Amino acid sequence: MKIVLCGFMGCGKSSIGAMVQKKTNVNFCEIDTYVVEKYKLSISKIFEKYGEDFFRKAETDALIELLKSDDVLIGSGGGTVINPINSKIIKESGAKIIFLDVPLAAIQERLKNDKKRPLLQREDREDFIEKLYNQRKPIYENASDIVIPAGAPVKVVAKKIIKLLRI
Ligand code: S3P
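Scope of this entry: the structure provided in the associated data block. Fair warning: this is a prediction, and the values are worked out from it, not measured in the lab. (Residues numbered from 1 in each chain as written. Predicted model: local features only at pLDDT ≥ 70, side-chain atom pairs only at ≥ 80, totals over all residues. Heavy atoms only, no water.)

**Section: the overall build of the chain**
Argument step 1. On a plain count of helices and strands, the chain comes out with eight helices and five strands.
Argument step 2. Going from the N terminus to the C terminus, the chain shows its helices and strands as β-α-β-α-α-α-β-α-β-α-α-β-α.
Argument step 3. What you see for the chain is a C-alpha radius of gyration of 15 Å, in line with the 15 Å of a compact globule of 167 residues.
Argument step 4. Expressed as lengths along the three principal axes of its C-alpha atoms, the size of the chain is roughly 45 × 35 × 30 Å.
Argument step 5. The burial tally for the chain puts 45% of its 167 residues in the buried class.
Argument step 6. In the chain, the proportion of contacts linking residues at least 24 apart, taken out of those at least 6 apart, comes to 72%.
Argument step 7. Total accessible area on the chain stands at roughly 9000 Å², and carbon and sulfur atoms take up 53% of it.
Argument step 8. Distance between charge centres in the chain, computed from 29 positive and 22 negative side chains, equals 5 Å. (Helix = DSSP H or I, 4+ residues; strand = E, 2+ residues; numbered from the N terminus. Rg over C-alpha atoms; globule rule 2.2 N^0.38 Å. Buried < 20%, exposed > 50% of the residue type's maximum accessible area, 1.4 Å probe, protein only. Contact = heavy atoms within 4.5 Å. Areas by Shrake-Rupley, 256 points an atom, 1.4 Å probe, with all protein chains shown as cover. Lys, Arg positive; Asp, Glu negative; His and termini not counted. Charge placed at Lys NZ, Arg CZ, Asp CG, Glu CD.)

Here's what the structure looks like:
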C-alpha cells in the first residue's frame, strides 16, 4: 500500500499520519522531515538560505525517494501536489492520494499563531491564507483519489482513514 496525504498547511497531515502509524503497523514518512534531515536545517532556514525554488526541488527529490518504498504512508507538504510534476510522479508510482479537506475557518484558526512556516511570516497572513486556500483547494481535489472531510479531531480522522484503507 502506497498512500500520500495531501492538503493545506494545518490540515493535519503530520498528526493524522502519526496517529495512523501508532494505531497500525504502517510506516509513516514525511517529505518535510526527509528534507530537514537531509540538509540538517529547518524548512525556514532552507527557505532563508537557499530560497523557495531550492526547497521545491528538494521536495520533489524527497518525494521520489519516499515513493521507492512499497508500503508507505507519505505526509506531503502543503505545496507538494500543487506542482503538476509531483502529482504525475505520485500517479506513476501507483500511489493513491488522500486529500484531507478542512474548512478555511478551521485552517485560519490553526495557523494564526504559526511561527515555523516560512510562507506565513507576513503582515497580511489571514488574507494570504484565504487566497492561497481558494487557489489550492480545487488542485487538491483534482489531484486526489479520495477526499476525506478532516475538520474533526485527529483521532476521528485517523480512524476514518484506517477503516477506509482496511489497515
Ligand atoms: C508549504 C507547506 C509546508 C512546507 C513548506 C511549504 C506550502 O508543509 O512544506 O513550508 O507550500 O504549503 P505543511 O503543509 O506540513 O505545513
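**Points about the site of the ligand**
Argument step 1. The ligand sits among 13 residues. The nearest are Lys13, Arg56, Gly78, Arg117 and Arg136.
Argument step 2. The separation between an oxygen atom of the ligand and a polar side-chain atom of Asp32 is 2.9 Å.
Argument step 3. Arg117 is positioned with one of its side-chain polar atoms (N or O) 2.6 Å from an oxygen atom of the ligand.
Argument step 4. Its free accessible area being 380 Å², the ligand has 95% of it covered by the protein chains.
Argument step 5. For the shell around the ligand, the class distribution of residues is five nonpolar, three polar and five charged. (Near = heavy atom within 4 Å. Polar contact = N/O pair within 3.5 Å; in protein donor to acceptor, adjacent residues only side chain to side chain. Nonpolar A, V, L, I, M, F, W, Y, C, P; charged D, E, K, R; others polar.)

**Some thoughts on the pairing of strand 4 (residues 96-101)**
Argument step 1. Within strand 4, five of the six residues are buried, which leaves it mostly tucked inside the rest of the structure.
Argument step 2. The pairing of strand 1 (residues 2-6) with strand 4 spans four bridges and is classified as parallel. If you follow Leu5 over to strand 4, its bridge partner there is Ile98.
Argument step 3. Across four bridges, the pairing between strand 4 and strand 5 (residues 146-149) is parallel. Counterpart to Phe99 in the pairing with strand 5 is Val147. (Pairing = 2+ DSSP bridges.)

**Side note on the sheet that holds strand 3 (residues 72-75)**
Argument step 1. Strand order in this open sheet of five strands is 2-3-1-4-5, and the pairing throughout is parallel. In the strand order of this sheet, the two ends are held by strand 2 (28-30) and strand 5, each with one partner. Taking the axes of each pair of neighbouring strands and ignoring which way they run, one obtains an average angle of 25 degrees across the sheet.
Argument step 2. Where helix 8 (residues 154-165) meets the sheet, its contacts fall on strand 1, strand 4 and strand 5, and the angle it forms with strand 5 comes to roughly 150 degrees. (Axes fitted to C-alpha atoms, helices over the stretch in contact; angles between N-to-C directions.)

**Some words on the environment of Lys91**
Argument step 1. Topologically, Lys91 is positioned in helix 5 (residues 84-93).
Argument step 2. Once the C-alpha coordinates of Lys91 and Asp127 are considered, the two residues, 36 residues apart in sequence, prove to be 32 Å apart.
Argument step 3. Excluding residues within four positions of it along the chain, Lys91 makes contact with Ile97 and Ala143.

**Some thoughts on the state of the cysteines**
Argument step 1. Summed over all chains, the structure comprises zero disulfides.
Argument step 2. The thiol of Cys29 is unpaired, and the distance to the nearest cysteine sulfur, on Cys6, comes to 17 Å. (Disulfide = S-S within 2.5 Å.)

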